[in-house]
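Close look at the chain arrangement
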Amino acid sequence: QVQPVESGGGLVQAGGSLRLSCGASGRTFTNHATGWFRQAPEKEREFVAAISASGSSSAHADSVKGRFTISRDNAKKMVYLQMNSLKPEDTGVYYCARREGTYFSGNYYTNPDEYTYWGQGTQVTVSS
């Protein structure tokens, strides 16, 4: 099983940085395509970043491009989201999601419907 577990959220001032981590709640022998999504209060969940199982391909939402970077360490079975130059509008609950399949190891997915397992989320609050 590859149930995601997020960590690294917190309260920071505008312009600050945070690094979110996504691990697995149980033992896993393979890596999976992973995505980060966020949801602000009374807003729909939105795509933030995604990375392929192999780590060879990734994508970032226009709103975070140039500020956020998704990466993975396959040896450690971990996925990270480095967030720099944070803005108050980045505030929300950040969710890590993992896709069950591993066949298309070079593909990333921006559609939340593609993902099988979702974490409980970690709160990110950016003060102005």
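Residues numbered from 1 in each chain as written. Predicted model: local features only at pLDDT ≥ 70, side-chain atom pairs only at ≥ 80, totals over all residues. Heavy atoms only, no water.

Examining the nonpolar core
- The biggest cluster of nonpolar side chains holds 28 residues, and the ones touching the most others in it are Trp36, Val48, Phe68, Leu81, Met83 and Tyr94.
- If you list the elements that add at least two residues to this core, you get β3 (18–24), β4 (34–39), β5 (46–51), β7 (68–73), β8 (78–83), β9 (92–98) and β11 (122–127).
- Of all the elements, β5 adds the most residues to this core, at five residues. (Core = buried A, V, L, I, M, F, W, Y, C linked by side-chain atoms within 4.5 Å. Buried < 20%, exposed > 50% of the residue type's maximum accessible area, 1.4 Å probe, protein only. Helix = DSSP H or I, 4+ residues; strand = E, 2+ residues; numbered from the N terminus.)

Considering the pairing of β5
- Counting buried positions over the six residues of β5 gives five, a clear majority of the element.
- Taking the residues that link successive antiparallel strands as the turn, the β4-β5 hairpin has six residues, and the phi of glutamate 42 there is positive, at about 65 degrees.
- Relative to strand β6 (residues 58–60), β5 runs antiparallel, the two being bridged by three bridges. Paired with alanine 50 across the two strands is alanine 59, which belongs to β6.
- From the end of β5 to the start of β6, which pair antiparallel, there are six residues, and glycine 55 there has a positive phi angle of about 85 degrees. (Pairing = 2+ DSSP bridges.)

Quick notes on the side chain of aspartate 90
- Along the polypeptide, aspartate 90 turns up in the loop between β8 and β9.
- At 2.9 Å, the side chain of aspartate 90 forms a polar contact with the side chain of arginine 38.
- Of the polar contacts made by the side chain of aspartate 90, one reaches the backbone nitrogen of lysine 87; its length is 2.8 Å.
- With residues near it in sequence (within four places) discarded, aspartate 90 still touches Arg38, Val64, Arg67, Phe68, Ser85, Val124 and Val126. (Polar contact = N/O pair within 3.5 Å; in protein donor to acceptor, adjacent residues only side chain to side chain. Contact = heavy atoms within 4.5 Å.)

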